[in-house]
Amino acid sequence: MRYLKIYFILFVSIGVLYACSKTEVIKSQTEDIRFVVPKNFPDAVYKFEGNILTNSGFALGKKLFYDVRLSADKTISCGSCHQQFAGFANLDHKVSHGVNNCLGKRNAPVLFNLAWQKEFFWDGGAKNLEIVPINAITDVCEMGTDLNTIVNLLNTTSPYPQLFKDAFGSATINSQNLLKALAQFTAAMISANSKYDKVMRNPQQNTFTADEQQGCQLFKEKCASCHTEPLFTNLNYTSNGLDLNGVDEGRKVITGLSTDKGKFRVPTLRNIELSSPYMHDGRFNTLEKVLEHYNSGVQHSENLDPALIKSSQLGIPLSSIQKQQLISFLKTLTDDEFIKNKIFNEN
């Protein structure tokens, strides 16, 4: 547990908070939570300025994140599409599933290390972590509601007024503090203690297997220009040769630029072993299929990433052995401590 203390210093005392309704009893976990940049990470983009991370703010954000009552039909929470065991992605669902069993247009992305992102969603449509939940709240195929409706609900639903007073000093709930609480919870999701991280920090005590080491070298040669260490994304947008069939134009939806057609944000590869299916539309359900796409499935397009254009062929040639070595390395990016950390789970 030594590495856990790098990110969260925990002084745990379990108390019980009784709601005014006398029908709801909430176990409250008080933990001294601090945001600390991991040793091998760059400075975070989100600084918590104007939204100081506190125990009560984090706990409120967590409760809101998992509360299905915030959706139009009371069945969907943020946690419905962002499941901890899948790296806070939506395991086995190609696209998000929302209210009334409505299907969204894109695969639900993982939620961790968000404090290092300057833009969000597959197309970069949000530029501040605090406004990210608005998309899910208002989308007709996700939560299908609006901020005013949620604020009115929370103001009349115990124990929320007391929880907001504890977190922000006022029992009168507004949308600004609602979004701040959610940002405290999601910004605190740091995944940085995988086997890869342990090897990078202390190679004398932690080492890769032969396959992992070979996969690491292949990764640096063939993948790292887009999936840059240590975040395993360069946070840019690119066209990686998918056959889009004109359905989703990607970043062009935001910028209106023809040069952005078919470009999507480069996703992080951390916890990639757990967060299938893959790509913006969830078309590949295994890592083997992802790598085979780069080996033989890259389609030419006007905005195709130059790194995928070779003199003799498109894509990244990979032998069967190389693909398995790459997968061995990618599995070292699984952070079991983060996936199993109880401070993030629903209970």
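Residues numbered from 1 in each chain as written. Predicted model: local features only at pLDDT ≥ 70, side-chain atom pairs only at ≥ 80, totals over all residues. Heavy atoms only, no water.

1. Quick notes on helix α7 (residues 175–187)
Argument step 1. Taking 1.5 Å of rise per residue, 13 residues should cover 18 Å, and α7 covers 18 Å from first to last C-alpha, within 8% of that figure.
Argument step 2. Taken across its 13 residues, α7 has eleven buried, putting it largely inside the fold.
Argument step 3. Its side-chain oxygen at 3.2 Å from the backbone nitrogen of Q176, N174 defines the N-terminal cap of α7. (Helix = DSSP H or I, 4+ residues; strand = E, 2+ residues; numbered from the N terminus. Expected span 1.5 Å × (residues − 1). Buried < 20%, exposed > 50% of the residue type's maximum accessible area, 1.4 Å probe, protein only. Polar contact = N/O pair within 3.5 Å; in protein donor to acceptor, adjacent residues only side chain to side chain.)

2. A short note on the nonpolar core
Argument step 1. Grouped together as the largest cluster of nonpolar side chains are 54 residues, with contacts concentrated most on L64, F65, L154 and M189.
Argument step 2. Those elements that place two or more of their residues in this core are α2 (55–65), α4 (132–138), α5 (147–155), α6 (160–168), α7 and α13 (336–339).
Argument step 3. In terms of residue count, the dominant contributor to this core is α7 (seven residues).
Argument step 4. Aside from chain neighbours lying at most four places away, what touches L64 is L70, L154, Y160, F164, L178, A181 and L182.
Argument step 5. In terms of nonpolar packing, the next biggest core, distinct from the first, is built from 29 residues, F219, C223, F232 and L308 among them. (Core = buried A, V, L, I, M, F, W, Y, C linked by side-chain atoms within 4.5 Å. Contact = heavy atoms within 4.5 Å.)

3. Section: the environment of T209
Argument step 1. Relative to the elements of secondary structure, T209 occurs in the loop between α8 (195–201) and α9 (210–222).
Argument step 2. When the C-alpha atoms of T209 and N347 are compared, they prove to be 36 Å apart, with 138 residues separating the residues in sequence.

4. Let's talk about the state of the cysteines
Argument step 1. Using the criterion set out here, one finds one disulfide in the structure.
Argument step 2. Free of any disulfide, C78 has its nearest neighbouring cysteine sulfur in C81, separated by 9.0 Å. (Disulfide = S-S within 2.5 Å.)

5. Re the packing of aromatic side chains
Argument step 1. Overall, the coordinates contain 22 aromatic pairs when judged by the stated rule.
Argument step 2. Ring centres of Y66 and F185 lie 6.4 Å apart, and the angle between their planes is 65°; on these two criteria the pair is classed as edge-to-face. Of this pair, Y66 sits in the loop between α2 and α3 (78–81) while F185 sits in helix α7; the two residues are 119 residues apart in sequence, bridging distant segments of the chain. The same class applies to Y66 and to F185, which are both buried.
Argument step 3. Where F219 meets F329, the ring centres are 5.3 Å apart and the plane angle is 45°; that geometry is what we call tilted. Of the two residues, F219 sits in helix α9 while F329 sits in helix α12 (residues 320–330), which places them 110 residues apart along the sequence.
Argument step 4. Residue F219 is classed as buried on the basis of its relative accessible area, which comes to 1%.
Argument step 5. A relative accessible area of 0% places F329 in the buried class.
Argument step 6. Among the aromatic side chains, those forming a connected cluster through ring pairs are F58, F65, Y66, F88, F112, F185, F338 and F344. (Phe/Tyr/Trp six-rings, centres within 6.5 Å; stacked < 30°, edge-to-face > 60°.)

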